[in-house]
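One-letter residues, chain by chain:
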Amino acid sequence: MELELSAIPERLFGPNAGPPGYLAARWAFLRALGLIFFSAFYSLAFQIRGLIGPHGILPAQDYLAEVARILGARRFWYAPSIFWWSASDRVLLAVSVAGMIAALLLVLNLCPRGALMVCLVAFLSFISAAQDFASYQSDGMLLEAGFISLFFAPVGWRPRWGGSDPPSRASRFLLVWLMFRIYFESGVAKILGHDPEWRDFTAIDQYYQNGPLPTWIAWYGHHLPHGFHAATAALTLALELVLIFAVFLPRGPRIVLFFAITFWQIGIILTSNYAFLNYLVLVLGILLLDDQFLARFLPQRIRTAANINPSLVGSSGIPVGVPGESRSWHLSFRLWVQAFFLTWIFYATSVLLIFMVNPKAPLPALPVRALEPFRIANEFGLFGVMTRNRYEIEFQGSHDGQTWTAYPFRYKPQDVHAPPRIYAPYQPRFDWNLWFASLGNWRQYPFVLQVEQRLLSGEPDVLALFAGNPFPERPPEQVRAVLWQYWFSGWSEKRTQGLWWRRERIALYAPTIERMPDGKIVVLAWPDTSETAP
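Residues numbered from 1 in each chain as written. Predicted model: local features only at pLDDT ≥ 70, side-chain atom pairs only at ≥ 80, totals over all residues. Heavy atoms only, no water.

Peer 1: Help me out: how do you make sense of the overall build of the chain in this one?
Peer 2: Per the secondary structure count, the chain includes 22 helices and 5 strands. A compact globule built from 534 residues should have a C-alpha radius of gyration of about 24 Å, and the chain, at 25 Å, falls within 12% of that. The buried share of the chain, reckoned over its 534 residues, is 52%. For the chain, long-range pairs separated by at least 24 residues make up 76% of all intrachain contacts whose partners lie at least 6 apart in sequence. For the chain, the exposed area adds up to about 24100 Å²; of that, 64% sits on carbon and sulfur atoms. Here the chain contributes 43 positive and 37 negative side-chain charges, whose respective centroids are spaced 8 Å apart. (Helix = DSSP H or I, 4+ residues; strand = E, 2+ residues; numbered from the N terminus. Rg over C-alpha atoms; globule rule 2.2 N^0.38 Å. Buried < 20%, exposed > 50% of the residue type's maximum accessible area, 1.4 Å probe, protein only. Contact = heavy atoms within 4.5 Å. Areas by Shrake-Rupley, 256 points an atom, 1.4 Å probe, with all protein chains shown as cover. Lys, Arg positive; Asp, Glu negative; His and termini not counted. Charge placed at Lys NZ, Arg CZ, Asp CG, Glu CD.)

Peer 1: What's the story with the sheet that holds strand β1 (residues 390-398) in this structure? I'm lost.
Peer 2: Hydrogen bonds between backbone groups are what pair the strands of a sheet, and the pairing can be parallel or antiparallel. With antiparallel pairing, the 5 strands of this open sheet are ordered in space as β2-β1-β3-β4-β5. Each edge of the open sheet carries a strand with a single partner, namely β2 (405-406) and β5 (521-525). With 2 bridges joining them, β1 and β2 adopt antiparallel strand pairing. Each bridged residue has a counterpart across the sheet, and for Gly397 the counterpart in β2 is Thr405. Each of β1, β3 (478-488) and β4 (501-515) is contacted by helix α19 (residues 429-438), which is oriented at about 110° to β1, the strand it contacts most. (Pairing = 2+ DSSP bridges. Axes fitted to C-alpha atoms, helices over the stretch in contact; angles between N-to-C directions.)

Peer 1: Please explain a nonpolar patch on the surface as it appears in this structure.
Peer 2: Together, Trp216, Tyr220, Phe259, Phe263, Ile266, Leu270, Ile422 and Trp491 give the surface a local cluster of nonpolar side chains, amounting to about 780 Å² of exposed area. Those elements giving two or more residues to the nonpolar patch turn out to be α11 (216-222) and α13 (251-271). Of all the elements, α13 adds the most residues to the nonpolar patch, at 4 residues. With respect to the secondary-structure elements, Leu270 resides in helix α13. Residue classification places Leu270 among the partly exposed positions, given a relative accessible area of 39%. (Patch = residues over 30% accessible without salt bridge, like charges linked within 9 Å, V, L, I, M, F, W, Y side chains within 5 Å. Salt bridge = Lys/Arg side-chain N within 4 Å of Asp/Glu carboxyl O.)

Peer 1: For this particular structure, what's the right way to read the packing of aromatic side chains?
Peer 2: In this description, a pair of aromatic rings is defined by centroid distance and the angle of the planes. In this structure the tally under the stated criterion is 56 aromatic pairs. Clustering of aromatic rings is evident, with ring pairs tying together Tyr136, Tyr207, Tyr208, Tyr274, Phe383, Trp432, Trp435 and Phe436. One residue, Arg75, lies across the ring of Trp84, its end atom 5.2 Å from the ring centre. The aromatic ring of Trp484 is capped on one face by Arg503, whose charged end is 3.6 Å from the ring centroid. (Phe/Tyr/Trp six-rings, centres within 6.5 Å; stacked < 30°, edge-to-face > 60°. Lys NZ or Arg CZ within 6 Å of the ring centre and 35° of its normal.)

Peer 1: Got a minute to help me understand the pairing of β5 in this structure?
Peer 2: The two faces of a sheet get side chains in turn, since along a regular strand they alternate between them. When β4 meets β5, the two strands line up antiparallel, connected through 4 bridges. Opposite Thr512, over in β5, you have Ala525 as the bridge partner.

Peer 1: When you look at the environment of Thr405 in this model, what are you seeing that I'm missing?
Peer 2: Along the polypeptide, Thr405 turns up in strand β2. With relative accessibility at 32%, the residue Thr405 sits in the partly exposed group. Sequence separation of Thr405 and Ala153 is 252 residues, and the distance between their C-alpha atoms is 52 Å. When residues no more than four places from it in sequence are discounted, the contact partners of Thr405 are Phe395, Gln396, Gly397, Pro470 and Phe471.

Peer 1: What am I meant to see in the side chain of Ser138 here?
Peer 2: Tracing the backbone through its elements, the reader meets Ser138 in helix α7 (residues 137-152). Since its relative accessible area comes to 4%, Ser138 is described here as buried. With sequence-adjacent residues up to four places away left out, Ser138 is seen in contact with Phe276, Leu277 and Gln427.

Peer 1: Looking at this model, I keep getting lost on the packing of helix α2 (residues 23-52) against α7. Mind explaining?
Peer 2: At a closest axis distance of 11 Å, the pairing of α2 and α7 adopts a crossing angle of 140°. Taken together, the axis directions place α2 and α7 in an arrangement best described as oblique. For the crossing formed where α2 meets α7, the hand is left-handed. The segment α2 lies against α7, with Arg26, Phe29, Leu30, Leu33, Ile36, Phe37 and Ala40 engaging Leu142, Ala145, Gly146, Ser149 and Phe152. (Parallel < 35°, antiparallel > 145°, perpendicular 65-115°, else oblique. Left-handed = near helix turned anticlockwise from the far one by under 90°.)

Peer 1: Help me understand the pairing of β4 in this model?
Peer 2: The sheet contact formed by β3 and β4 spans 10 bridges and is antiparallel. Across the sheet, the residue bridging to Gln485 is Glu504, located in β4. Between β4 and β5, which pair antiparallel in sequence order, lie 5 residues; one of them, Gly519, sits at a positive phi of approximately 95°.

Peer 1: Is there a simple way to think about the environment of Leu105 in this case?
Peer 2: Note that Leu105 resides in helix α5 (residues 89-107). Residue classification places Leu105 among the partly exposed positions, given a relative accessible area of 34%. Taking the C-alpha atoms as reference, Leu105 lies 33 Å from Phe409; in sequence the two are 304 residues apart. If sequence neighbours within four positions are ignored, Leu105 has contacts with Leu110 and Ala115.

Here you go:
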């Protein structure tokens with residue numbers, strides 16, 4: 001019995017070379033994860049200066065200075081970021097480029113663990129300093145998947161299929177556990193949210209229209225009959241609350257689940273621009289497949305290369321050919337480091353799931369709180385309460401206070417004749433945040449007022465977040481933010497007028513401001529809160 005207990009850590013956290021094997025699934029997953037990291041850094045490279053640069057909407061250097069004033073030495077734990085050293089435009093861009101290079105190295109399978117570490121440090125640095133522009137669940141999903149993948153990826157500079165270092169049971173399980181929680185916790189959130197639209201299966205009736213950034217395909221989805229939308233709502237609840245438990249069943253049901261969730265995620269990707277979120281959930285599903293299943297889709301040459309040579313693996317699953325003493329301390333250290341961190345993450349994520357159902361459960365919360373700044377143990381809850389209307393914030397400028405010209409957006413709906421586009425996994429954080437802000441008021445989202453001030457001064461980095469500058473000669477004298485309500489057009493309107501949208505002005509969203517000759521900014525008009533969106 002003592003021998004069996006001592007073998008548990010190695011069985012859970014050591015290399016698992018036994019059948020059915022997950023080398024092919026790991027190889028495909030890590031290449032896809034690299035592409036997702038690349039998309040995240042690529043998106044940041046074009047936006048980061050306007051978002052948190054020194055002249056951006058919410059400068060990171062000002063935010064970090066305030067954090068340092070309040071937290072002192074604890075700031076490095078609660079806001080882990082290399083931007084403590086510098087948050088200049090050059091450093092922000094350099095870290096974005098470094099992240100893209102590391103992501104490409106991961107795609108090319110060159111030093112995957114080192115590449116993952118660089119991706120994690122760079123992305124966490126942005127998330128810790130981006131304030132309102134880093135409040136998305138997808139950011140936590142990517143950080144959690146990336147951290148667990150540090151232990152899932154093979155060691156070495158050019159590991160190829162990693163046959164001499166197969167993944168541990170625990171690392172693969174936690175990645176599957178992440179996927180399970182994304183689905184199941186979202187289903188639980190729908191039940192706990194008490195939204196009547198989920199109870200009467202009308203949640204999807206306005207979903208395609210009212211999501212953050214719909215695609216042109218969503219327009220057609222919106223006009224499908226109610227029966228289709230009701231069936232989709234019922235299937236969503238069934239998948240998230242029942243069918244997802246197939247991840248814990250034998251390989252047959254897991255394979256069936258893989259195809260079900262793959263088609264499901266493709267449908268979401270085609271109708272909604274949720275950045276890299278659905279791409280990440282989709283590629284996590286690859287881990288439901290084993291080498292026995294995937295081998296039939298691979299050429300013979302690749303199947304031979306991916307095979308684990310039994311002569312390279314000892315009876316305990318530890319690669320042989322390493323000197324005894326070196327093998328002992330080195331591999332033991334790796335095993336216990338993996339055991340420590342993966343056990344910690346499993347505990348924290350399990351507690352978060354339990355707290356969703358029973359917030360007063362008598363469980364220690366300190367290990368959970370300790371990981372919060374790093375976003376590697378998360379709670380999810382997608383679409384717990386549905387958005388019932390679509391509102392859009394539009395910034396306008398004027399030289400005389402009479403004629404107002406709108407600033408054109410790159411991605412948000414604005415021109416009623418322009419079809420919504422598909423651009424995910426690219427993530428336009430500025431446009432995304434304006435959708436969230438439209439559901440509240442400017443006091444809840446003060447960054448809107450910051451945008452007005454930057455436009456009033458003609459700040460180039462912030463103007464670059466827009467599709468163009470309607471005031472190329474000199475900045476406007478006045479700037480305001482107006483709230484509109486949008487609806488998808490009908491079939492006849494689209495056919496006869498070429499309209500994709502209809503819109504109606506609701507009210508002034510944020511104060512109208514003007515810059516005086518002495519440089520001071522004054523408020524000309526305040527929004528009437530009685531007219532703003534509910």
